[in-house]
Amino acid sequence: MRINAVSHWFTETPLTENLLHDKEKIAQVISRTPLKRVAKPKEMAVTIAFLSLNLIKI
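So, here's what we can say about the structure. (Residues numbered from 1 in each chain as written. Predicted model: local features only at pLDDT ≥ 70, side-chain atom pairs only at ≥ 80, totals over all residues. Heavy atoms only, no water.)

Okay, the pattern of salt bridges next. In a structure, side chains of opposite charge can pair up when their charged atoms sit close to one another. For the structure shown, the criterion picks out 2 salt bridges. In this structure, Lys-40 engages Glu-12 in a salt bridge whose closest nitrogen and oxygen atoms are separated by 3.1 Å. Taken together, the positions of Lys-40 in the loop between α2 (23–31) and α3 (41–53) and Glu-12 in the segment before α1 (17–20) put the pair 28 residues apart, joining distant regions of the chain. Given the relative accessible area of 39%, Glu-12 is considered partly exposed. A salt bridge links Arg-37 to Glu-43, with the nearest nitrogen and oxygen atoms 2.7 Å apart. (Salt bridge = Lys/Arg side-chain N within 4 Å of Asp/Glu carboxyl O. Helix = DSSP H or I, 4+ residues; strand = E, 2+ residues; numbered from the N terminus. Buried < 20%, exposed > 50% of the residue type's maximum accessible area, 1.4 Å probe, protein only.)

Structural data, given as structure tokens:
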């Protein structure tokens with residue numbers, strides 16, 4: 001059995017906009033993020049599309 005999952009951390013969206021402009025809070029987020037930055041929505045979409053395509057077997 002294969003299981004794929006996308007477990008995102010903070011992603012730059014309109015809902016996180018206020019948080020991302022708070023320098024103290026974003027510093028805390030970045031300090032616990034391996035890439036030391038916030039994810040972009042396109043990165044999440046590409047990852048999900050890639051994993052979905054790998055589910056199809058011919």
